[in-house]
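Letter by letter, the chains look like this.
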Amino acid sequence: MNNHPSIVLIIGNSRLHWALFIDKTLYSTGDTFHLPESIIQQLAQNPTLDNWLTAISLPTNLSIIPDYPIPLILASVVPSQTALWQIYPHLHIITLEDVPLQGMYPTLGIDRALAVWGAGKLLGFPTLVIDAGTALTFTGADDNQCLVGGAILPGLGLQLASLGQKTGQLPLLETSLMTSLPPRFAMNTSEAIQSGVIYTLLSGIKDFIEAWWQLFPNSQIVMTGGDSNLLKSYLQQQFPDIAERLIVDNHLIFQGVGNIVIS
Ligand SMILES: Nc1ncnc2c1ncn2[C@@H]1O[C@H](COP(=O)(O)OP(=O)(O)O)[C@@H](O)[C@H]1O
Ligand SMILES: CC(C)(COP(=O)(O)O)[C@@H](O)C(=O)NCCC(=O)O
Ligand SMILES: [K+]
């Protein structure tokens with residue numbers, strides 16, 4: 001094969017994560033919100049690269065845009081969203097069976113399996129992935145490329161949203177407005193929420209990392225997901241020794257896909 005494009009779509013609970021592959025090479029990436037059904041129908045009826053690039057605004061400077069139907073490779077942790085794409089004519093849905101990781105349990109999220117596989121292939125096993133998305137997940141694999149397990153908790157945005165939405169007096173804070181660490185003992189509501197959420201999250205992340213290093217002292221640790229840059233910068237301020245050994249890679253899951261599915 002040469003110069004054959006495919007679109008990869010990872011459906012998360014907040015956003016869609018896109019990649020354009022040319023053969024096995026990751027060519028460009030982007031994120032969008034969940035798309036309206038009308039756009040999905042248009043793409044299904046006219047699945048050319050030109051249409052794809054317009055619909056999801058992926059950057060390219062390809063000299064030749066092929067006009068044949070483009071395969072869509074999809075991995076999703078949102079079944080209602082997966083259902084919308086079933087009408088696409090050249091669809092490959094990635095399942096756990098496509099991931100060569102050993103010892104997976106049947107309900108493991110495909111995003112976690114792909115990310116930890118991608119991390120191991122890119123940086124070596126053992127490896128621990130911290131995915132700071134809607135949920136924040138830890139997913140580890142050992143030297144035998146076998147799942148060790150992990151943990152799931154509400155992510156930064158979800159913690160803030162739950163306080164904003166499930167209380168009578170607390171404002172809904174946006175992560176996009178956060179930059180530096182808040183005062184630990186805060187004297188206003190916004191900073192008090194930030195302090196509570198951020199310092200407990202950072203301590204929790206540190207504790208999981210240290211527990212992982214007790215098991216696998218030389219393991220790489222990779223952080224990915226929408227809040228990874230923000231959390232890395234907070235960790236640099238709060239726990240610089242830990243942050244120094246932490247790699248941020250926002251394309252981890254695509255590394256996993258490129259490695260196993262695209263032939
Ligand atoms: N441009 C953006 N739009 C929306 N969320 C963003 C953006 N940039 C960073 N985020 C953060 O990304 C988090 C969601 O992470 P993401 O990896 O997109 O989730 P998922 O994979 O679960 O859909 C949110 O908590 C939010 O704080
Ligand atoms: C934990 C998750 C909700 C994370 O999803 P995300 O935050 O990336 O949208 C997803 O990986 C999932 O639904 N997992 C299934 C349960 C499990 O992994 O054990
Ligand atoms: K994710």
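Residues numbered from 1 in each chain as written. Chains lettered and ligands numbered in written order. Predicted model: local features only at pLDDT ≥ 70, side-chain atom pairs only at ≥ 80, totals over all residues. Heavy atoms only, no water.

The chain is annotated in an unreviewed UniProt entry as Type III pantothenate kinase of Dolichospermum compactum NIES-806. Per UniProt, the chain has the following entry under Subunit (unreviewed entry): "Homodimer." Recorded in UniProt for the chain, the comment headed Function (unreviewed entry) runs: "Catalyzes the phosphorylation of pantothenate (Pan), the first step in CoA biosynthesis." (UniProt positions renumbered as here; feature names shortened; annotations may be inferred.)

S.K.: Explain the sheet that holds strand β10 (residues 246–248) here, please?
M.R.: Two orientations exist for strands paired in a sheet by backbone hydrogen bonds: parallel and antiparallel. Read across the sheet, 5 strands follow the order β8-β7-β6-β9-β10 without closing on themselves; strand pairing throughout is mixed. Here the strands that pair on one side only, and so sit at the sheet edges, are β8 (147–154) and β10. Taken over all neighbouring pairs, the strand axes of this sheet differ in orientation by 20 degrees on average, direction set aside. Relative to β8, strand β7 (residues 135–141) is paired through 7 bridges, and the arrangement is antiparallel. In the strand pairing of β8, Thr139 is matched with Gly150. This element, helix α4 (residues 110–123), spans β6 (127–132), β7, β8, β9 (220–224) and β10 of the sheet and lies at about 135 degrees to β6. (Pairing = 2+ DSSP bridges. Helix = DSSP H or I, 4+ residues; strand = E, 2+ residues; numbered from the N terminus. Axes fitted to C-alpha atoms, helices over the stretch in contact; angles between N-to-C directions. Contact = heavy atoms within 4.5 Å.)

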